[in-house]
Amino acid sequence: MLNHALTSHQDMKRTIRAILAAIMVVSIVRPGECAPVGGTVDPPVRVRFELRDEVVVRGDLTAWDEEGIDGTFGPRSWWELKTDDLWRIGIRVIDQDQPDHWLVLGRACLRTDDGEARAESAFRRALRLDPEITDRIDAIRAEIAEEEQTERDQQRRIDGAKLETASPESRDWPTAPWPALTVDERRTAALTVKAESEALLERFGHHWTPIQSGSFLIYTDVPRDVAAPWVRTIERALVRAHVTLGIPHSVDLFWGPCVIFVFTSRDDFEIVEADAFNQLLPGGQFAICHPVGPKVTVVAHHDGDAAMTQWRIAREICHAVMHRHHAPRRPPGWLNEGIALHVADQAIELPPHLNRHRDVALAYIREGGSVNDLFHLDYEHPRWPGPANVGPAVGALVVERIAAENPRGLASLIGRIKRRQEPWSELVPSSLGTTREQIATYIEAYYRVND
């Protein structure tokens, strides 16, 4: 749930594979051969499986074909599943007396990084049923080898393009304050942002009518009757960010409106990120805020879960507000990310099984983890965001307590951090009347016994 920069070769491969899926679909079926296999599953089958990014999915499986499965959990490509789960579900839905079905399962396993043994097992079963099927198995192997070569070529192109993998929040932002805009400058900024946003969409073949609300322009291919109610959550996130940072409600921070793009296609989301913002995202990231000069743009992927999408957008809205508050400079990572989580949690309440960062932070503290150790980390630190990526989650607990007990002090601290060059810990006593070490000790003591 926590957003982090791409850090592994496997993440890179999954991202490339998602892009390839948008531009190349390879079928095992040849002219003159059998029709594509698959179909509906009636009655639906209750399944539980784990994706390669370790997300656990549960639901009713209702259909399958050469490319993947579908159900109450939405469409999933075979290669998204961990290989053991792919195999277990595959043998439940195929007709094991049909060699074509074993070919589909073998091809699906061969496309994964660790499924070669499973694939060979499926191919042997197909051969026992139809000894004349050897040529088709060889064709599948050739197709997968071609896909892998295409992935390697795409990898080289990505490396050559030097796409950013670090969060924009981690950049070295200056402390020079933003200038105030005149009425005419605001009008010009609004027209500029709208024209640039629509030109960007047109580059990628999208012609969407925006949902306009106060400080926001929302462009999406989500049905309008579904997306329009999201405005309330987005506006609530803006209000909560203003309250937390001590910004008067009447202040309009943004240079023009804050633009929000929401894509239903993961491929479109990643392609726009790469081509328009030079950003390469890990597979587990669904939203990101892009500050470009004084402008801020939030880009998100709607994966079918409306509540989760709104929560992710609310989190990025807080980053957008932080960029425009006083000056671009960011607070330290634990505080910047902690505030964003805190604001998102206040903007929309998620079911406990979706909002896990609080449990992660509580477990860290109750297992003896040091809050002060996390205070030492910042975006540029090699150990950020801490063990098991716990830094932002613990930061949210710290923000929650300070906001509850000394909201003015919290707002003062953030304002001073953004205006000045001193280390943040030197600004704590004058803002909060305590020290960094005392805050850490108090947070650990409080959350060992309070949820």
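Use the structure listed above.
Residues numbered from 1 in each chain as written. Predicted model: local features only at pLDDT ≥ 70, side-chain atom pairs only at ≥ 80, totals over all residues. Heavy atoms only, no water.

Caption draft 1: Structural context of the overall build of the protein. Summing up its helical and strand segments, the protein has 17 helices and 9 strands in all. Relative to the 2.2 N^0.38 estimate, which gives 22 Å for 451 residues, the radius of gyration of the protein is 25 Å and therefore close to what a compact globule would have. Across the protein, the fraction of contacts at a sequence separation of at least 24, relative to all contacts at a separation of at least 6, is 67%. A total of about 20,500 Å² of accessible surface is found on the protein, and carbon and sulfur atoms cover 51% of it. Side-chain charges of the protein comprise 52 positive and 67 negative groups, with the mean position of each set lying 5 Å from the other. (Helix = DSSP H or I, 4+ residues; strand = E, 2+ residues; numbered from the N terminus. Rg over C-alpha atoms; globule rule 2.2 N^0.38 Å. Contact = heavy atoms within 4.5 Å. Areas by Shrake-Rupley, 256 points an atom, 1.4 Å probe, with all protein chains shown as cover. Lys, Arg positive; Asp, Glu negative; His and termini not counted. Charge placed at Lys NZ, Arg CZ, Asp CG, Glu CD.)

Caption draft 2: Main features of the pattern of salt bridges. If you walk through the whole model with that rule in mind, you get 27 salt bridges. Between Glu67 and Arg107 there is a salt bridge, and its shortest N-O distance comes to 3.4 Å. Of this pair, Glu67 sits in the loop between strand E2 (56-65) and strand E3 (68-71) while Arg107 sits in helix H3 (residues 99-110), and the two are 40 residues apart along the sequence. Looking at Glu67, the relative accessible area reads 29%, which means it is partly exposed. Residue classification places Arg107 among the buried positions, given a relative accessible area of 2%. Between Arg312 and Asp303 there is a salt bridge, with the nearest N and O atoms lying 3.4 Å from each other. According to the relative accessible area criterion, Arg312 is buried, its value standing at 15%. Each of Glu67, Arg107, Arg111 and Glu147 takes part in one network of salt bridges that share partners. (Salt bridge = Lys/Arg side-chain N within 4 Å of Asp/Glu carboxyl O. Buried < 20%, exposed > 50% of the residue type's maximum accessible area, 1.4 Å probe, protein only.)

Caption draft 3: Main features of the state of the cysteines. Per the counting criterion, the structure on display carries 0 disulfides. Cysteine Cys289 remains unbridged, with the sulfur of Cys258 as its closest cysteine sulfur at 6.4 Å. Here Cys289 falls in the buried class, since its relative accessible area comes to 2%. Summary of cysteine pairing: Cys318 is not part of a disulfide, and the nearest cysteine sulfur, belonging to Cys289, is at 9.7 Å. (Disulfide = S-S within 2.5 Å.)

Caption draft 4: Structural detail: the pairing of strand E6 (residues 216-220). Within E6, 5 of the 5 residues are buried, leaving the element largely enclosed by the surrounding structure. By the alternation rule, side chains of E6 split into Phe216, Ile218 and Thr220 and Leu217 and Tyr219, which are all buried. Direction of pairing for strand E5 (residues 211-213) relative to E6: antiparallel, over a ladder of 3 bridges. Paired with Gln212 across the strands is Leu217, a residue of E6. If you look at the hairpin formed by E5 and E6, you'll find 2 residues sitting between the two strands, and Gly214 has a positive phi there, around 55°. In the sheet, E6 pairs with strand E7 (residues 258-263) via 5 bridges, with the strands oriented parallel. Among the inter-strand pairings, Thr220 is bridged to a residue of E7, identified as Val262. (Pairing = 2+ DSSP bridges.)

Caption draft 5: Inspection of the nonpolar core at higher detail. Judged by nonpolar contacts, the single largest core of 73 residues is most densely connected at Phe216, Ile260, Ile317, Val321, Leu335, Ile339 and Val398. Ranked by residues supplied to this core, first place goes to helix H10 (residues 306-324) with 9 residues. If we skip the residues at most four places from it in the chain, Ile260 touches Phe216, Leu217, Ile218, Tyr219, Ile234, Val298, Ile313 and Ile317. Counting residues in hydrophobic clusters, the runner-up holds 33 residues, among them Val45, Leu81, Trp102 and Phe123. (Core = buried A, V, L, I, M, F, W, Y, C linked by side-chain atoms within 4.5 Å.)

Caption draft 6: Broad picture of the packing of helix H2 (residues 83-93) against H3. Where H2 contacts H3, the axes come no closer than 10 Å and their chain directions differ by 170°. As the angle between them shows, H2 and H3 are arranged roughly antiparallel. Note on element contacts: H3 touches H2 through Trp102, Leu105, Ala108 and Cys109, opposite Leu86, Trp87, Gly90 and Ile91. Taken together, the residues of the contact of H2 with H3 break down into 7 nonpolar, 1 polar and no charged. (Axes fitted to C-alpha atoms, helices over the stretch in contact; angles between N-to-C directions. Parallel < 35°, antiparallel > 145°, perpendicular 65-115°, else oblique. Nonpolar A, V, L, I, M, F, W, Y, C, P; charged D, E, K, R; others polar.)

Caption draft 7: Region of interest: the sheet that holds E2. The 4 strands lie next to each other as E1-E2-E3-E4, forming an open sheet whose pairing is antiparallel. Each having just a single partner strand, strand E1 (38-50) and strand E4 (76-77) make up the two edges of the open sheet. In this sheet, E3 lies alongside E2 in antiparallel orientation, the contact comprising 3 bridges. Within the sheet, the bridge partner assigned to Leu61 lies in E3 and is Gly71. The strands touched by H2 within the sheet are E1 and E2, with E1 carrying the most contacts at an inclination of about 155°.

All quantities given are derived from atomic positions and should not be read as evidence of function.
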